[in-house]
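What follows is each chain in one-letter form.
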Amino acid sequence: MDFNVKKLAFGAGTLFTRAVQFTEEKLGQAEKTELDAHYETLMSRADATKHWTDKIYRQTEVLLQPNPSARIEEFLYEKLDWKAPSRITNGELLGQYMVGAAKEFGAETPYGNSLMMVGDCERRLGAAEREFIQTSAISFLTPLRNFLEGDWRSITKERRLLENLRLDLDACKARLKRAKSAEAKAAAVPDFKETRPRNYVLSASASALWSEEVEKAEQELRLAQTEFDRQAEVTRLVLEGISSTHVNHLRCLYEFVEAQAVYYHHCHFHMQELQKELASLPNAFALHSTFAVGTASEGLLGSPADPDTLKIEEVQAPASGTRKAKVLYDYDAADSSELSLLADELITVFTVPGMDCDWLIGERGNLRGKVPVTYLEFLS
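Residues numbered from 1 in each chain as written. Predicted model: local features only at pLDDT ≥ 70, side-chain atom pairs only at ≥ 80, totals over all residues. Heavy atoms only, no water.

Visitor: Give me the nonpolar core: which residues, what numbers.
Guide: Most often, soluble globular proteins have nonpolar side chains that are buried together. Core analysis: the biggest nonpolar cluster contains 43 residues, and F132, L239, L274 and L278 have the highest contact counts within it. Breaking this core down by element, the ones donating at least two residues are α2 (37–64), α4 (90–105), α5 (110–188), α6 (198–240) and α7 (242–279). Take this core: its biggest share by element is 20 residues, from α5. Residues in contact with L239, not counting those within four places in the same chain, are Y39, L42, M43, A46, I155 and R159. The next biggest cluster of nonpolar side chains, apart from the first, holds 15 residues, and it includes V327, F350, I361 and L376. (Core = buried A, V, L, I, M, F, W, Y, C linked by side-chain atoms within 4.5 Å. Buried < 20%, exposed > 50% of the residue type's maximum accessible area, 1.4 Å probe, protein only. Helix = DSSP H or I, 4+ residues; strand = E, 2+ residues; numbered from the N terminus. Contact = heavy atoms within 4.5 Å.)

Visitor: Mind laying out the packing of aromatic side chains, listing which residues take part and the relevant values?
Guide: Applying the stated criterion to the full structure yields nine aromatic pairs. Taking the centre distance of 5.0 Å and the plane angle of 10° together, the rings of F132 and Y263 count as stacked. Of the two residues, F132 is situated in helix α5 and Y263 in helix α7; the sequence distance between them amounts to 131 residues. Summarising the burial analysis for this pair, F132 and Y263 share the class buried. Between Y331 and Y375, the aromatic rings sit 5.1 Å apart at their centres with planes inclined by 65°, giving edge-to-face as the arrangement. Taken as a pair, Y331 in the loop between β1 (323–327) and β2 (346–350) and Y375 in the loop between β4 (367–372) and β5 (376–378) lie far apart in primary sequence, 44 residues in all. Take Y331: its relative accessible area is 13%, and that puts it in the buried class. Overall, the relative accessible area of 24% leaves Y375 in the partly exposed class. One aromatic cluster is present, built from ring pairs that chain together F132, F140, F256, Y263 and Y264. The ring centre of F378 lies 4.3 Å from the NZ or CZ of R323, which sits over that ring. When the ring centre of W359 is taken as reference, the NZ or CZ atom of K370 above it lies at 5.7 Å. (Phe/Tyr/Trp six-rings, centres within 6.5 Å; stacked < 30°, edge-to-face > 60°. Lys NZ or Arg CZ within 6 Å of the ring centre and 35° of its normal.)

Put into C-alpha cells, the structure is as follows:
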C-alpha cells in the first residue's frame, strides 16, 4: 500500500512538473528543446499520410456504399464482431423488379420481353458490382484501415511518449539552471559580517547544500537526456516506416484500379450484349439508330447484311443540296471512313440515300468522310 501511494505521489509530481514546464513554454518563460529538421520532416510526412489516408478511406467507403445508414449498420456489425447479413445491390433489386413486371405483363409481349432482357442484364450488373465491392474492401479498404487503427496509433503513442520525455528533459535543464544560479549567488554574495564568525559557518553550509543540489540536478539531467535520446531514436524508426506504408498502399492502389477495370469491363460487355438482344427484337423500331453495338459488319453507311452498300470513295457530291456547316467541337475519326474535325472550321456537307440520319458526308478540300450531325451548325 505504501508503495502504491509513493508511486501515485511520484506520478502526480511528474505530471505537475510537465504541466508547469508546458505552461511556461507557452508563455515564453522557459526554453524548449527543438528537434532536428529531419525529425520534423518525418513528422510532417506522417501527419500528411494520416490526413489523406483517412480522407481516401472515408470517400472510398462512400463510393462503395453510398447509403450512410448501411455504412453505420456495417460498422456496428464489425465492432460487435457479428456477421453482417448479405446485402443485395441496387442493380440486382432493380433487375428483380423488372423480371417480376415482365412476368406480370407477359413475357410474350414486346414490353414484357424487353423488361425480361433488361432485368436479367441489371441483375448481372448488380452481381458484378457486388464482386467489385467485396474485392475493393479486401484489397484496398482493409490495408488503409489497418494503418489508421494500427500503425498510426503506435506512431501517436511513441510521439506522445517522446513529448513527455522532452518536457522532463527541459524541466531538468531548468532545475539545473536554477541550482547553479543559487550556488553562484551563495558563494559570491555572503550575507554575514566579518565580526560574526557564525555566519561563515552558515554560508559554507548553504554553499555545500547548493553544490549537492547541482550534482543531483546534473545526474537527473543525464538520465533524462539518455531516456530522451533513446525514445527519439525509437520514434524516428517508427516514422521512417511511413515509406514502407506508402509502398504497401501503392500496391493496394494498383489492385483497386485493377478491380475497377474488371468491373467496368464486365458492365460494358453486359450492356453491349443487351443492346444486341434488344436490337434484334422485331419491335425494335428505333433501336438501330440509337444503339452503337460496335460490330465490324454494322457500318453507319451500310446495313448489317451488306457492309459494302456504300463506300466513301465512290460517293459523289450532288449537283445541288450541299450545305455549309460550322464545326462546334473537335472530333477524332474512329476509322478511315470518317472525317476528323476541328472546332470552328467550315466544311461542306451533304446526304446520300440510305445513310443513317445521325451522320452526313463532309468535305474539306480533297478530304471526304462521315461526320456526326450533332457536331455541326448549319449555315445555309
